[in-house]
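Now for the letters of each chain:
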There are 4 protein chains.
Amino acid sequence: MVFESKGSLTLVDRPEPVPGFKEVLIETAAVGICGTDTHVLDGEFEGTIFPLVPGHEATGTVVALGDGVSDGVNSLAVGDHVAINPSTVCGECEFCLNGKQNLCRFWNGLGVVASDGASQQRFTAPVANVYKLKPETDVYLAALIEPLACAIRGWDILPRRIGDHVLVYGSGTMGLLMAQLATRAGAASVTIVDLNQERLRTAAEVGVQHRFTSADQSERSNWDVVIDCTGNVRAIEDGLPRVKAGGTFQHFGVAPTEAKANYSPFRVYRDEISIVGTMAVLNSFGRAVEMFEAGAINAEAMVSHSFTLDDYVQALDMFRAGSGRKLQIRPNDTESRVFRS
Amino acid sequence: MVFESKGSLTLVDRPEPVPGFKEVLIETAAVGICGTDTHVLDGEFEGTIFPLVPGHEATGTVVALGDGVSDGVNSLAVGDHVAINPSTVCGECEFCLNGKQNLCRFWNGLGVVASDGASQQRFTAPVANVYKLKPETDVYLAALIEPLACAIRGWDILPRRIGDHVLVYGSGTMGLLMAQLATRAGAASVTIVDLNQERLRTAAEVGVQHRFTSADQSERSNWDVVIDCTGNVRAIEDGLPRVKAGGTFQHFGVAPTEAKANYSPFRVYRDEISIVGTMAVLNSFGRAVEMFEAGAINAEAMVSHSFTLDDYVQALDMFRAGSGRKLQIRPNDTESRVFRS
Amino acid sequence: MVFESKGSLTLVDRPEPVPGFKEVLIETAAVGICGTDTHVLDGEFEGTIFPLVPGHEATGTVVALGDGVSDGVNSLAVGDHVAINPSTVCGECEFCLNGKQNLCRFWNGLGVVASDGASQQRFTAPVANVYKLKPETDVYLAALIEPLACAIRGWDILPRRIGDHVLVYGSGTMGLLMAQLATRAGAASVTIVDLNQERLRTAAEVGVQHRFTSADQSERSNWDVVIDCTGNVRAIEDGLPRVKAGGTFQHFGVAPTEAKANYSPFRVYRDEISIVGTMAVLNSFGRAVEMFEAGAINAEAMVSHSFTLDDYVQALDMFRAGSGRKLQIRPNDTESRVFRS
Amino acid sequence: MVFESKGSLTLVDRPEPVPGFKEVLIETAAVGICGTDTHVLDGEFEGTIFPLVPGHEATGTVVALGDGVSDGVNSLAVGDHVAINPSTVCGECEFCLNGKQNLCRFWNGLGVVASDGASQQRFTAPVANVYKLKPETDVYLAALIEPLACAIRGWDILPRRIGDHVLVYGSGTMGLLMAQLATRAGAASVTIVDLNQERLRTAAEVGVQHRFTSADQSERSNWDVVIDCTGNVRAIEDGLPRVKAGGTFQHFGVAPTEAKANYSPFRVYRDEISIVGTMAVLNSFGRAVEMFEAGAINAEAMVSHSFTLDDYVQALDMFRAGSGRKLQIRPNDTESRVFRS
Ligand SMILES: NC(=O)c1ccc[n+]([C@@H]2O[C@H](COP(=O)([O-])OP(=O)(O)OC[C@H]3O[C@@H](n4cnc5c(N)ncnc54)[C@H](OP(=O)(O)O)[C@@H]3O)[C@@H](O)[C@H]2O)c1
Ligand SMILES: NC(=O)c1ccc[n+]([C@@H]2O[C@H](COP(=O)([O-])OP(=O)(O)OC[C@H]3O[C@@H](n4cnc5c(N)ncnc54)[C@H](OP(=O)(O)O)[C@@H]3O)[C@@H](O)[C@H]2O)c1
Ligand SMILES: NC(=O)c1ccc[n+]([C@@H]2O[C@H](COP(=O)([O-])OP(=O)(O)OC[C@H]3O[C@@H](n4cnc5c(N)ncnc54)[C@H](OP(=O)(O)O)[C@@H]3O)[C@@H](O)[C@H]2O)c1
Ligand SMILES: NC(=O)c1ccc[n+]([C@@H]2O[C@H](COP(=O)([O-])OP(=O)(O)OC[C@H]3O[C@@H](n4cnc5c(N)ncnc54)[C@H](OP(=O)(O)O)[C@@H]3O)[C@@H](O)[C@H]2O)c1
Ligand SMILES: [Zn+2]
Ligand SMILES: [Zn+2]
Ligand SMILES: [Zn+2]
Ligand SMILES: [Zn+2]
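These figures come from a predicted structure and were not determined experimentally. (Residues numbered from 1 in each chain as written. Chains lettered and ligands numbered in written order. Predicted model: local features only at pLDDT ≥ 70, side-chain atom pairs only at ≥ 80, totals over all residues. Heavy atoms only, no water.)

A few words on the overall build of chain A. Scanning chain A from N- to C-terminus turns up eight helices and 19 strands. Each of the three principal axes of chain A carries a C-alpha extent, and together these read 60 × 45 × 40 Å. For chain A, the residues scored as buried account for 59% of the 341 residues in total. Residue pairs in contact within chain A that sit at least 24 positions apart in sequence constitute 71% of those at least 6 positions apart. Positive and negative side-chain charges in chain A, numbering 29 and 41 respectively, have mean positions lying 7 Å apart. (Helix = DSSP H or I, 4+ residues; strand = E, 2+ residues; numbered from the N terminus. Buried < 20%, exposed > 50% of the residue type's maximum accessible area, 1.4 Å probe, protein only. Contact = heavy atoms within 4.5 Å. Lys, Arg positive; Asp, Glu negative; His and termini not counted. Charge placed at Lys NZ, Arg CZ, Asp CG, Glu CD.)

Quick look at the structure:
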């Protein structure tokens with residue numbers, strides 16, 4: 001699959017990529033679709049260079065190792081199942097040199113900016129981005145590891161105080177991951193809000209206790225931690241006043257670039273509220289592998305459909321329609337599949 | 001029950017205590033026995049003033065409210081089930097004025113220092129120390145809330161990083177609480193070590209995955225967080241070298257006052273190890289109530305026997321013999337009971 | 001001085017207060033005037049109960065000790081110079097029991113809510129609120145310790161990362177304290193902005209390097225830490241976009257209760273910005289005494305005028321006119337004085 | 001200068017190094033000598049591969065830029081004065097992928113492990129390790145930036161609480177840097193202890209207020225933060241009991257690999273003491289440049305002698321004798337110099 005230019009995509013036959021120095025050739029198992037893919041295709045993602053093979057939430061099997069991979073640091077071998085961290089950074093800018101590589105001003109992402117992603121049968125990735133999975137781990141569901149790594153970063157910058165009450169807006173992939181991790185981050189209770197009743201069904205399946213279409217329906221009137229996983233200004237402005245004194249509001253969702261939200265500076269002062277943001281993955285990919293393999297999330301309940309490369313357009317349409325749960329591309333599968341309806 | 005002096009205890013009839021200003025009169029439900037009780041009786045606890053009614057891990061039912069209790073701050077009512085924080089502090093020393101009340105140089109504990117504890121049919125406590133339970137909460141098992149509040153303090157000063165691997169020494173009450181909370185504090189895995197195979201049975205029941213009589217039996221050779229819940233120098237020196245680079249060792253257990261342990265300063269430097277201590281309860285009692293009521297620990301598996309006041313000596317004997325799990329005094333119960341053998 | 005009711009104040013003769021249990025009688029040296037005093041008089045401060053003697057930034061000399069003061073915890077003696085923390089809290093609410101006493105829902109402040117303050121010749125305070133000064137410390141200038149304790153709380157919840165660049169809006173008492181502490185909190189550089197050129201003169205005197213009437217005049221375009229010490233929405237909205245990626249904006253200033261500010265949720269996410277609030281004093285009064293005595297601030301440059309009780313109205317007028325620097329009441333002084341013009 | 005093998009060094013003529021891809025060729029200004037150099041020469045540094053040009057605390061002038069340097073990330077130009085971070089890491093190991101690059105298991109240091117250092121007239125370094133200095137900065141004294149970056153890392157993992165009292169053992173280069181930064185890290189007071197009276201003279205010059213040959217001479221009996229900058233077990237065991245309840249002991253000094261120190265586990269528990277380590281540089285080199293240029297340390301008082309390459313052996317002898325302050329090699333200087341005696 002190639003995004004040729006803004007808004008245009010085609011399926012083309014291409015020679016198999018060759019792994020360069022310190023690179024690994026991987027046969028794709030599954031690639032999750034997320035809003036970033038549509039942003040990239042729509043030319044709304046800052047920095048994308050077309051043509052580009054999309055796909056950044058990927059897993060697969062190691063097919064070949066480039067030079068320099070077997071230098072003693074890692075123990076990757078042909079046949080290993082792996083999850084791939086799509087981010088690469090410049091390593092030279094002020095942010096890279098200060099331990100904030102996710103804020104790198106020259107950030108590159110496989111399938112997002114300038115390097116081809118995983119929506120093809122085989123793709124290459126730098127060895128430092130390739131994480132080994134246990135043989136018994138479901139290599140298809142494991143494509144949730146990439147979003148899980150974002151969710152762990154989200155929790156890294158929250159207090160993770162044992163006994164906190166947590167409210168999450170948005171019961172999509174990210175909201176569900178943040179809500180499931182909440183319990184692992186010390187929450188005494190977790191509440192999720194989504195306008196869409198259908199989405200709350202998945203929340204119930206993954207074990208989120210309190211589920212509402214509006215936070216007003218809850219007995220509780222404020223929460224220690226409120227997390228926006230919608231990017232929607234209405235959700236944000238609904239959530240801000242529900243933060244308890246001493247508590248934290250997190251922007252996990254990506255609001256439109258030009259959108260503005262209103263808040264009360266007096267309340268931030270008087271009640272010592274914190275408003276924080278979290279962006280992508282920082283030092284959290286390896287831990288996402290571990291938490292996934294430790295069963296911290298109910299992955300089965302989260303993936304509803306898989307598509308072959310031939311059905312890529314159909315997958316995007318379904319994604320844009322907001323139906324289904326997490327949708328995946330499985331480039332080497334023989335047919336598209338439905339797991340949950 | 002009264003500890004008359006070092007080593008001597010008797011059961012006496014005493015007039016019912018009267019709640020003073022801002023005090024609450026409570027009918028005792030259950031009082032856990034812990035090592036502190038034997039230390040107090042043996043005259044080894046710094047500051048104890050005899051005679052003293054022991055008992056600091058208590059729950060009960062509100063019988064009467066002293067003056068000033070119903071002033072609008074709280075909503076305590078006669079008949080409420082409650083858990084009691086035994087600690088009171090001076091409020092004037094440098095530590096109290098710096099938010100470290102657990103380090104107060106004039107610390108007092110009900111049943112431990114100068115104020116009578118809960119091993120009697122009714123006792124009084126300052127209203128600020130009385131926490132309301134939900135009616136549906138098991139008021140007897142809830143006597144585990146006090147040690148749980150210590151465990152939450154323990155986790156408060158650990159990193160609580162999602163994805164850490166945790167090793168706990170000691171599968172007694174405290175080790176089991178720390179291990180159960182580990183999962184709620186982000187742990188990807190939890191390992192517990194106890195010399196006593198019998199104790200590991202309880203660990204299995206409460207869901208601790210990896211259990212050994214020696215850490216050498218584990219496949220893992222180092223852990224991000226190692227917690228001593230034995231107070232035993234051999235356990236400590238066994239555990240220190242097992243902390244992973246960048247990791248933390250916590251002294252939760254209380255070692256003998258004069259004991260010394262050996263460590264490698266080079267390793268602390270080279271691998272940026274942290275060694276930290278945790279002492280009693282700080283800002284964690286209310287959260288212990290919430291986590292207990294949220295079902296964060298398996299309390300049923302942890303309490304093995306209850307005793308009437310008449311059988312107090314028998315309870316102490318059993319405790320000193322190290323048999324059973326958590327033992328409780330239930331001063332208003334009609335007979336002693338066995339829940340787990 | 002008594003605030004009789006909203007907007008009305010009179011000077012009355014009253015019997016000398018008598019120190020109660022655990023209270024101290026203090027002869028007032030100096031009392032700073034700040035915006036809170038005018039808010040209180042104007043009936044805009046939540047909770048004030050008239051009539052009330054104002055004055056919460058106070059120092060003085062111990063005249064008598066109430067019962068229970070000499071109980072071994074402290075070493076206060078008649079004749080000692082002292083600074084007084086005006087805040088008292090309920091000790092029973094959820095916030096008090098969680099180590100966030102500054103967020104206490106039943107907060108009381110000497111001279112602010114229900115207890116008389118220091119704008120009288122002698123006043124009483126609970127011993128836990130009385131901090132001893134060194135004999136060599138200037139007991140009049142030391143009335144800056146109370147606002148300094150707020151400033152230390154402000155820095156307590158900022159990262160205090162060595163090497164940060166700091167921008168402060170507002171060169172009033174609080175902005176000057178935050179700016180002076182910036183260097184002690186690791187700042188590589190400090191910039192201050194005030195619309196009022198006159199205020200920047202004091203900033204120069206206390207050693208703030210970069211001073212502008214608009215942040216646009218600076219060579220630097222963003223800062224790791226931006227602190228609002230104006231409470232003005234225009235300043236806030238000017239400052240928010242100047243926070244560097246990964247940086248923090250702090251609301252130190254008190255905006256009008258109903259005011260709203262606009263921010264970009266996208267930017268908070270994309271650049272992992274934090275917005276935090278700080279409210280009054282928490283565990284910082286003792287440290288303010290120490291930092292004041294360590295010479296961390298240039299107190300002489302900050303106090304411009306003192307007034308006798310007879311000139312109280314004149315002091316308020318000057319304060320409302322925004323002229324002078326810190327103004328003080330010195331109830332036992334024989335005449336009003338000018339230190340800086 | 002080449003360390004040929006363990007214990008053997010010679011001065012040889014070598015062709016000028018050529019900067020590779022993303023490398024910079026630098027004409028050396030100054031190279032500080034520290035204990036690491038003697039460890040390397042004595043074959044005691046883990047991993048050194050001989051022959052090796054020593055020198056890791058370096059500054060210089062850019063002479064040529066390799067390919068890929070001028071790619072838009074940085075603005076390095078021929079003629080720029082620069083300071084060089086000697087550390088390079090694998091970028092692939094668990095520690096590198098978790099933001100703890102200083103704990104990288106495949107750590108390499110210019111002049112320390114496998115890459116030639118700066119004790120030669122010209123040397124190369126990866127562009128990500130080269131930091132631009134302001135033209136007005138003294139390029140020779142700036143060789144203190146590398147140890148300053150270690151000191152900032154040291155403070156990064158201390159609480160940096162405003163108002164703390166700090167005690168430093170060792171008035172060598174590192175102790176002096178930690179002590180000078182203490183004030184910038186919030187300390188209310190700083191005390192330094194060194195057995196060697198002569199060393200305390202430098203401490204006085206750089207402005208450390210309290211200086212003793214034994215901590216017993218101080219009026220203060222405990223400190224919030226105690227930092228060992230000696231690596232000596234006697235200093236460590238002297239310092240540990242002087243940590244105040246709630247305080248922190250830091251291992252900055254490098255103790256012998258096999259040395260053991262004794263501590264009281266009871267005290268760590270009872271007083272919630274923390275013992276922490278700090279190792280080299282992490283995310284702190286750029287900030288060291290900024291703090292150096294902000295004048296945070298008195299560099300003039302710290303450098304006593306410079307040596308030409310011809311006098312390298314003499315410099316090492318003087319260093320081993322423990323005389324002088326910081327000694328430097330200035331490979332392009334025409335003669336050895338004495339700045340302080
Ligand atoms: N911080 C990071 O590192 C990071 C990483 C990945 C993704 N993200 C962002 O996280 C957000 C969520 O991603 P996702 O994949 O979970 O998206 P998603 O599947 O579209 O889920 C968002 C959910 O929020 C619901 N929603 C929209 N407006 C709402 C409102 N006002 N109140 C309550 N619910 C509302 C949506 O309901 P409908 O179905 O009715 O619209 C939808 O179910 C996106 O903005 C994404 O860009 C951030
Ligand atoms: N920090 C705090 O706030 C706090 C609060 C409460 C309690 N504590 C302390 O925490 C510790 C544990 O309390 P607890 O009530 O859980 O005590 P406990 O029931 O006696 O449990 C301790 C367990 O550790 C085991 N053990 C002893 N030495 C060992 C070794 N070398 N290796 C492995 N296991 C070993 C014991 O086995 P055996 O049965 O064979 O002896 C026992 O099962 C005590 O020191 C207590 O004083 C601290
Ligand atoms: N967080 C806390 O614990 C705490 C404690 C004490 C005080 N406060 C608050 O902190 C704030 C400052 O107190 P203060 O005593 O320093 O007050 P202040 O003396 O009135 O100082 C405020 C300064 O800000 C300037 N200013 C106003 N609008 C500005 C703008 N748009 N841009 C730049 N400068 C502007 C004012 O200039 P003009 O003179 O021209 O108006 C004045 O010089 C107040 O809001 C106060 O309520 C907070
Ligand atoms: N953590 C890191 O990243 C890092 C980085 C660089 C260096 N280091 C380590 O930091 C330590 C200090 O380095 P440096 O360059 O400053 O070394 P230095 O110049 O040798 O200074 C050490 C000082 O400590 C004094 N001293 C020795 N034993 C003492 C004792 N028992 N009590 C008081 N003072 C004592 C020494 O006095 P005499 O002169 O009488 O011996 C000397 O003045 C070394 O161990 C070094 O390896 C660590
Ligand atoms: Zn970068
Ligand atoms: Zn106290
Ligand atoms: Zn309160
Ligand atoms: Zn590495």
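Back to the text.
Let's shift gears to the coordination of the zinc ion (ligand 6). All names here are of chain B. Bound to the zinc ion (ligand 6) on the protein side are Cys90 (SG), Cys93 (SG), Cys96 (SG) and Cys104 (SG), at distances that span 2.2 to 2.4 Å. Note that the zinc ion (ligand 6) binds four donor atoms; their angles at the metal cover 105 to 115°, and the shape is tetrahedral. Judged by relative accessible area, cysteine 90 falls into the partly exposed class, the value being 21%. (Donors = N, O, S within 2.8 Å, 3.2 Å for Na, K, Ca; no water. Tetrahedral: all angles 85-135°; square planar, octahedral: opposite > 155°, others 65-115°.)

Attention now moves to the interface of chain A and chain C. With 43 residues of chain A at the interface, the matching set in chain C holds 43 residues. Between chain A and chain C the total buried area reaches about 3,800 Å² when both faces are included, carbon and sulfur atoms providing 53% of it. At the junction of chain A with chain C, the criterion picks out six salt bridges. Viewed at the interface, chain C and chain A are joined by 19 residue pairs in polar contact (both at pLDDT 80 or more). At the level of secondary structure, the elements contributing two or more residues to the side of chain A that touches chain C comprise strand E14 (243–251), strand E15 (261–263), helix H6 (265–270) and strand E16 (274–277) of chain A. The residue makeup of the side of chain A that touches chain C, split by class, is 22 nonpolar, 11 polar and 10 charged. With three bridges joining them, E15(A) and strand E15 (residues 261–263) of chain C adopt antiparallel strand pairing. Counterpart to Asn262(A) in the pairing with E15(C) is Asn262(C). (Buried area = accessible area lost by both parts, 1.4 Å probe. Salt bridge = Lys/Arg side-chain N within 4 Å of Asp/Glu carboxyl O. Polar contact = N/O pair within 3.5 Å; in protein donor to acceptor, adjacent residues only side chain to side chain. Nonpolar A, V, L, I, M, F, W, Y, C, P; charged D, E, K, R; others polar. Pairing = 2+ DSSP bridges.)

Spatially, E12(A)-E11(A)-E10(A)-E13(A)-E14(A)-E16(A)-E16(C)-E14(C)-E13(C)-E10(C)-E11(C)-E12(C) is the arrangement adopted by the 12 strands of the open sheet, whose pairing is mixed. Of all strands in the sheet, those bounded by a partner on one side alone are strand E12 (210–212) of chain A together with strand E12 (210–212) of chain C. Within this sheet the neighbouring strands show an average axis-to-axis angle of 15°, counted without direction. Where strand E13 (residues 223–228) of chain C lies against strand E14 (residues 243–251) of chain C, five bridges are found, and the strand directions are parallel. Of the residues in E14(C), the one forming a bridge with Val225(C) is Thr248(C). Along the sheet, helix H3 (residues 173–184) of chain C makes contact with strand E10 (165–169), strand E11 (189–193), E13 and E14 of chain C, crossing E11(C) at roughly 170°. (Axes fitted to C-alpha atoms, helices over the stretch in contact; angles between N-to-C directions.)

The environment of ligand 2 is made up of 21 residues, and the closest members are Met174(B), Asp194(B), Phe252(B), Val254(B) and Ala280(B). Mapping the residues adjacent to ligand 2 onto the chains of the assembly identifies chains B and D. A distance of 3.5 Å separates an oxygen atom of ligand 2 from a polar atom in the side chain of Asn196(B). Note that a nitrogen atom of ligand 2 is positioned 2.9 Å from one of the backbone N or O atoms of Phe252(B). Here ligand 2, which alone exposes 930 Å², has 78% of that area covered by the protein. Partitioned by chemical class, the residues of the shell around ligand 2 number 11 nonpolar, eight polar and two charged. (Near = heavy atom within 4 Å. Areas by Shrake-Rupley, 256 points an atom, 1.4 Å probe, with all protein chains shown as cover.)

We now examine the UniProt feature "domain: Alcohol dehydrogenase-like N-terminal" (unreviewed entry) in chain A. As annotated by UniProt and renumbered to match this structure, "domain: Alcohol dehydrogenase-like N-terminal" (unreviewed entry) occupies residues 22–134 of chain A. The span residues 22–134 of chain A is 6% helix and 31% strand, and its two end C-alpha atoms sit 22 Å from each other. (UniProt positions renumbered as here; feature names shortened; annotations may be inferred.)

What follows concerns the relation of the copies chain B and chain A. The transform that puts chain B on chain A rotates by 180° and translates by 0.0 Å along the axis, for an RMSD of 0.0 Å. Here the two chains are linked by the operation of a two-fold rotation axis. Among all C-alpha atoms of chain B, that of Arg184(B) lies closest to the rotation axis, at 2.2 Å. Both copies contact each other with a shared surface, as 100% of the interface residues of chain B are interface residues in chain A too. (Least-squares fit on C-alpha atoms with pLDDT ≥ 70 in both.)

Attention now moves to the UniProt feature "domain: Alcohol dehydrogenase-like C-terminal" (unreviewed entry) in chain A. The sites that carry the UniProt feature "domain: Alcohol dehydrogenase-like C-terminal" (unreviewed entry) are, in the present numbering, residues 174–292 of chain A. This span, residues 174–292 of chain A, is 34% helix and 25% strand, and a straight line between its end C-alpha atoms measures 14 Å.

Looking now at the environment of Ala296(A). Among the secondary structure elements, Ala296(A) is positioned in the loop between helix H7 (285–293) and strand E17 (303–307). Once residues within four sequence positions are removed from consideration, Ala296(A) is found in contact with Gln180(A), Arg184(A) and Met291(A).

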